[in-house]
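# Residue-level structural notes
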Amino acid sequence: MCGPSQNPIKPPLRLLLTQESFNATLPAKDDSNKLLQHSPYRYGLGGPDSISTMLTVSIKVLLLFTLEHIVRLIIQKFSHVDPILHVERNRHILARHLAVDFGSLAICGFIAVKNRHAVCGELITHMKSWGKSDSMSDEETERRVFTYHPASQQMMVWFFAYQVKNMYDTIYWNDGIEFVIHHIFAGAAAWGGMFPGCCHFYALFYFGFSELSTAILCLLANFDDQFGVVGLEKVFPKTKIVLGALFVTSFIVCRCIMWPFVTHHFFKDTKKALASTHPLAASRKNFLHLLRFCCFGLSLIQFFFVAMIIQTGKEELAKLMS
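As a starting point, this report considers the structure included with it. (Residues numbered from 1 in each chain as written. Predicted model: local features only at pLDDT ≥ 70, side-chain atom pairs only at ≥ 80, totals over all residues. Heavy atoms only, no water.)

Looking only at helices and strands, the protein has twelve helices and zero strands in total. Listing the helices and strands of the protein from first to last along the sequence gives α-α-α-α-α-α-α-α-α-α-α-α. Scaling as 2.2 N^0.38, a compact globule of 322 residues should have a C-alpha radius of gyration of about 20 Å, and the protein matches this with 22 Å. Principal-axis analysis of the C-alpha atoms gives the protein an extent of 80 × 45 × 30 Å. The 322 residues of the protein split such that 46% are buried. Residue pairs at least 24 apart in sequence account for 78% of intrachain contacts in the protein once pairs closer than 6 positions are excluded. With an accessible surface of roughly 17200 Å², the protein has 67% of that area assigned to carbon and sulfur atoms. Here the protein carries 30 positive and 24 negative side-chain charges, and the mean point of each set is 2 Å from the other. (Helix = DSSP H or I, 4+ residues; strand = E, 2+ residues; numbered from the N terminus. Rg over C-alpha atoms; globule rule 2.2 N^0.38 Å. Buried < 20%, exposed > 50% of the residue type's maximum accessible area, 1.4 Å probe, protein only. Contact = heavy atoms within 4.5 Å. Areas by Shrake-Rupley, 256 points an atom, 1.4 Å probe, with all protein chains shown as cover. Lys, Arg positive; Asp, Glu negative; His and termini not counted. Charge placed at Lys NZ, Arg CZ, Asp CG, Glu CD.)

What follows deals with helix H2 (residues 50–77). Compared with an ideal rise of 1.5 Å per residue, which puts 28 residues at 40 Å, H2 spans 40 Å between its outermost C-alpha atoms and is within 8% of the ideal. Taken as a whole, H2 has its buried residues at Ser 50, Ser 52, Thr 53, Thr 56, Val 57, Lys 60, Val 61, Leu 64, Glu 68 and Ile 75. At its buried positions, H2 is contacted by helix H1 (40–43), helix H3 (88–114), helix H6 (150–172) and helix H7 (177–197). (Expected span 1.5 Å × (residues − 1).)

As a further point, take the packing of H6 against H7. Packing of H6 against H7 leaves a shortest axis separation of 9 Å and a crossing angle of 155°. When the interaxial angle is binned, H6 and H7 end up roughly antiparallel. Where H6 crosses over H7, the handedness of that crossing is left-handed. On H7, the residues that touch Gln 153, Met 156, Val 157, Phe 159, Phe 160, Gln 163, Asn 166, Met 167 and Thr 170 of H6 are Phe 179, Val 180, His 183, Ile 184, Ala 186, Gly 187, Ala 190, Trp 191, Gly 193, Met 194 and Phe 195. Of the residues assigned to the contact of H6 with H7, the class counts are 13 nonpolar, seven polar and no charged. (Axes fitted to C-alpha atoms, helices over the stretch in contact; angles between N-to-C directions. Parallel < 35°, antiparallel > 145°, perpendicular 65-115°, else oblique. Left-handed = near helix turned anticlockwise from the far one by under 90°. Nonpolar A, V, L, I, M, F, W, Y, C, P; charged D, E, K, R; others polar.)

This part is about the packing of aromatic side chains. When we look at a pair of aromatic rings, we describe it by the centre distance and by the angle of the planes. As enumerated under the stated definition, the model contains 17 aromatic pairs in all. Ring geometry for Phe 159 versus Phe 207: centroids 4.8 Å apart, planes at 50°, classification tilted. Taken together, the positions of Phe 159 in helix H6 and Phe 207 in helix H8 (residues 200–209) put the pair 48 residues apart, joining distant regions of the chain. Look at Phe 159 and you get buried, because its relative accessible area is 3%. Taking the centre distance of 5.1 Å and the plane angle of 75° together, the rings of Phe 205 and Tyr 206 count as edge-to-face. Here the two residues Phe 205 and Tyr 206 agree in accessibility, since each one is buried. When the ring centre of Phe 65 is taken as reference, the NZ or CZ atom of Lys 165 above it lies at 4.5 Å. (Phe/Tyr/Trp six-rings, centres within 6.5 Å; stacked < 30°, edge-to-face > 60°. Lys NZ or Arg CZ within 6 Å of the ring centre and 35° of its normal.)

Within the secondary structure, Leu 63 sits in helix H2. Given a relative accessible area of 38%, Leu 63 falls into the partly exposed group. Between the C-alpha atom of Leu 63 and that of Val 100, which follows or precedes it by 37 residues, the distance is 9.6 Å.

Quick look at helix H9 (residues 211–220) now. One turn of an α-helix holds 3.6 residues; hence residues three or four places apart share an orientation. A large share of H9 lies buried, amounting to seven of its ten residues. Within the sequence span of H9, burial applies to Glu 211, Ser 213, Ala 215, Ile 216, Cys 218, Leu 219 and Leu 220. Check the buried side of H9 and you find it contacts H3, H6, H8 and helix H11 (237–274).

On to the packing of H3 against H6. Running from N to C, H3 and H6 cross one another at 165°; their axes reach a closest spacing of 9 Å. The pairing of H3 with H6 is recorded here as roughly antiparallel in orientation. In the crossing of H3 with H6, the sense of the turn from one axis to the other is left-handed. Taken together, the residues of H6 that come into contact with H3 (itself represented by Arg 96, Val 100, Asp 101, Ser 104, Leu 105, Ile 107, Cys 108, Ile 111 and Ala 112) are Ala 151, Gln 154, Met 155, Trp 158, Phe 159, Tyr 162, Lys 165, Asn 166, Asp 169 and Thr 170. Its residues placed into classes, the contact of H3 with H6 shows eleven nonpolar, four polar and four charged.

Here it is in structure tokens:
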């Protein structure tokens, strides 16, 4: 009887443009254990391979550059609205925050909302019951950590492409070393979620739902004196107030309420997965440790954000009262 092929047929190089293109190409369970015969750093959890993924990321990064340039041209066309738009630097800043930052995070958020029940329905049910349901049972830990989800893979491709473009913008605009470090860790988490691949169940929240508040923050950043357009708040004062209110509301819901709840279950599941004898666990333990470290650090950052929001809120209220 012939044993498994030592030279498996390579999947064709292809662009991943639809959610269907992210469907699993290798079965998670089968008699010949095909998934275990392939490198997790090339084939992940059985979806499209890393070569096709890198090709798709490259195209998406080029698309973000193109969209940014188109938005620049549109803003230039309507620059007669206010003299503040006559300044080229201001138009470039607005285009970056609108086309690249907001656009990318809005897409990730849309994918998460669209596929919430198919991927992490039991987490949502458990959250709605304030932790009283039995939908997040310990017996399902390995399924939550090691199961492939096309929607999660699709979203992480978008998120990783955004981090590549964001890294370029951060260096070009000299945003600061803290942003460089953030993009490195965020990009590494997204890529690792695909290759070797794990925690797709939780990816929808961390790369999708939680970033909805960040998407609004990117719009609000246009009014910042350091990273935005100086004087824009005088041109659109009500817009800044509305965006500020939306950001605070979304931050409280996504980061202060949902984040601790999801993170509790994430640490609980990944801790059990590290001690698991699941066939896919051994090759992913190092990355699971990295994910836990990143999640812990990001969770601590939430407290600093809360303090900043409170301080900024006081300053804005003082401006309005005066």
